[in-house]
Every structure is written in C-alpha cells, then in structure tokens.
Amino acid sequence: MKNVCSACHTSSYVDNFYIQYDGAVNLYNDKFGIPATAIYKKVRGAGLIANDTTFDDELEWTYFYLWHHEGRRARMGAAMFAPDYPVAWFL
Ligand code: HEC
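Residues numbered from 1 in each chain as written. Predicted model: local features only at pLDDT ≥ 70, side-chain atom pairs only at ≥ 80, totals over all residues. Heavy atoms only, no water.

Caption draft 1: Region of interest: the overall build of the chain. Check the secondary structure of the chain and you find three helices and zero strands. Each helix and strand of the chain, ordered N terminal to C terminal, gives the series α-α-α. The contacts of the chain with a sequence gap of at least 6 include a subset with a gap of at least 24, amounting to 41%. Approximately 6700 Å² of the chain is accessible, and the part contributed by carbon and sulfur atoms is 63%. (Helix = DSSP H or I, 4+ residues; strand = E, 2+ residues; numbered from the N terminus. Contact = heavy atoms within 4.5 Å. Areas by Shrake-Rupley, 256 points an atom, 1.4 Å probe, with all protein chains shown as cover.)

Below is the structure:
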C-alpha cells in the first residue's frame, strides 16, 4: 500500500500517516472496543441479556452501534478523511 502512496507523497509523509492512523485505531480499541466488549460479556454472562432473540435488548444495539456505526465512522474517518470525521471522538 505504501508503494502506491509513494507515487505522490514522500515516504516520511506516508510513514507518518500510518503511525497516526494506527494510533487512531488503537485508541478506539483501547478506549471503546475492548472495555465495551468486557462490559457486554459481563452483562450477558450475568444473564441480563436475553439469549433467545438477538437485538431485542437495548444494550445489544448500543454495543452494535458502538462498533459498527461509531467505530467504523472513526476508523474510516481517520483513514480516508470522510466528511463525518468525528473530531470530538478524540477528545
Ligand atoms: C495520485 C497521487 C496520490 C496518491 C497515489 C495518494 N495521494 Fe494522498 N494526496 C494526493 C493529493 C494531490 C492530495 C492533496 C489533496 C487536497 O489537498 O485536496 C493528497 C492528500 C493526502 C493527505 C492529506 C489529506 C488532508 O485532508 O489533509 C493524506 C494524509 C494522504 N494524501 C495520504 C495518502 C495515503 C496514505 C496514500 C496511499 C494509501 C495516498 N495519499 C495516495 C495525491 C495522492
């Protein structure tokens, strides 16, 4: 991938981009993904989420949105400077 970028950008620019991007992904994982998964598993393990039907409990949706919507928006935003790049996410 870096070879493609190097067609137009200097190698230090490309390297710095990936350092920053990896940092953003790790920040998401450490701050949101890993703690949320731990909480979700704990709640499910305690039997507080029904096992019969998925997505019938609000927490299942919250967890899904955290990963699929906000998480993807954060990762894709950081990767591709999407218009809905969530600057507040880093604060
Ligand atoms: C065909 C040439 C070309 C290639 C290949 C290319 N870029 Fe760019 N890139 C540009 C140009 C031109 C701009 C400036 C666009 C602008 O300012 O509107 C830019 C802008 C950027 C910016 C700054 C965006 C911003 O909003 O400040 C980053 C970061 C970037 N490129 C990273 C990459 C990465 C990572 C790759 C490889 C995956 C890549 N580019 C591949 C031409 C290229």
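From this point, the discussion proceeds with the structure in view.
Caption draft 2: Inspection of the coordination of the iron atom of the ligand at higher detail. Exactly one donor from the protein chain reaches the iron atom of the ligand: His9 (NE2), at 2.0 Å. Within the element layout of this structure, His9 appears in the loop between helix 1 (2-5) and helix 2 (11-45). (Donors = N, O, S within 2.8 Å, 3.2 Å for Na, K, Ca; no water.)

Caption draft 3: Here's a closer look at the site of the ligand. As a matter of local geometry, the ligand sits amid Met1, Val4, Cys5, Cys8, His9, Tyr13, Phe17, Tyr18 and Phe81. Between a nitrogen atom of the ligand and a side-chain N or O atom of His9, the distance comes to 2.8 Å. Going through the elements one at a time, helix 1 and helix 2 are the ones with two or more residues in the shell around the ligand. Of all the elements, helix 2 adds the most residues to the shell around the ligand, at three residues. (Near = heavy atom within 4 Å. Polar contact = N/O pair within 3.5 Å; in protein donor to acceptor, adjacent residues only side chain to side chain.)

Caption draft 4: Focus on helix 3 (residues 58-80). With 23 residues, helix 3 extends 31 Å between its outermost C-alpha atoms, agreeing within 8% with the 33 Å of an ideal straight helix rising 1.5 Å per residue. Helix geometry: helix 3 is bent most strongly at Tyr65, by close to 35 degrees. Within helix 3, the full set of buried residues consists of Glu60, Gly71, Ala74, Arg75, Gly77, Ala78 and Ala79. Just beyond helix 3, the residue with positive phi is Phe81, at close to 55 degrees. (Expected span 1.5 Å × (residues − 1). Bend = angle between axes of the 7 residues up to and from the residue. Buried < 20%, exposed > 50% of the residue type's maximum accessible area, 1.4 Å probe, protein only.)

Caption draft 5: Representation of the packing of helix 2 against helix 3 in the model. Packing of helix 2 against helix 3 leaves a shortest axis separation of 10 Å and a crossing angle of 175 degrees. Judged by the inter-axis angle, helix 2 sits roughly antiparallel to helix 3. For the pair formed by helix 2 and helix 3, the contact residues are Phe17, Tyr21, Ala24, Val25, Tyr28, Asn29, Phe32, Ala36, Thr37, Tyr40, Val43 and Arg44 on the first element and Leu59, Glu60, Tyr63, Leu66, Trp67, Gly71, Arg75, Met76, Ala78 and Ala79 on the second. Among the residues making up the contact of helix 2 with helix 3, the classes are represented as 16 nonpolar, three polar and three charged. (Axes fitted to C-alpha atoms, helices over the stretch in contact; angles between N-to-C directions. Parallel < 35°, antiparallel > 145°, perpendicular 65-115°, else oblique. Nonpolar A, V, L, I, M, F, W, Y, C, P; charged D, E, K, R; others polar.)

Caption draft 6: Representation of unusual backbone geometry in the model. In this structure, Phe55 takes a positive phi of about 65 degrees despite not being glycine. Here Phe55 shows up in the loop between helix 2 and helix 3.

Caption draft 7: Expanded view of the environment of Arg72. Relative to the elements of secondary structure, Arg72 occurs in helix 3. Sequence-wise, Arg72 and Tyr28 are 44 residues apart; in three dimensions their C-alpha atoms are separated by 9.9 Å. Discounting chain neighbours no more than four positions away, the residues touching Arg72 are Trp67 and Gly77.

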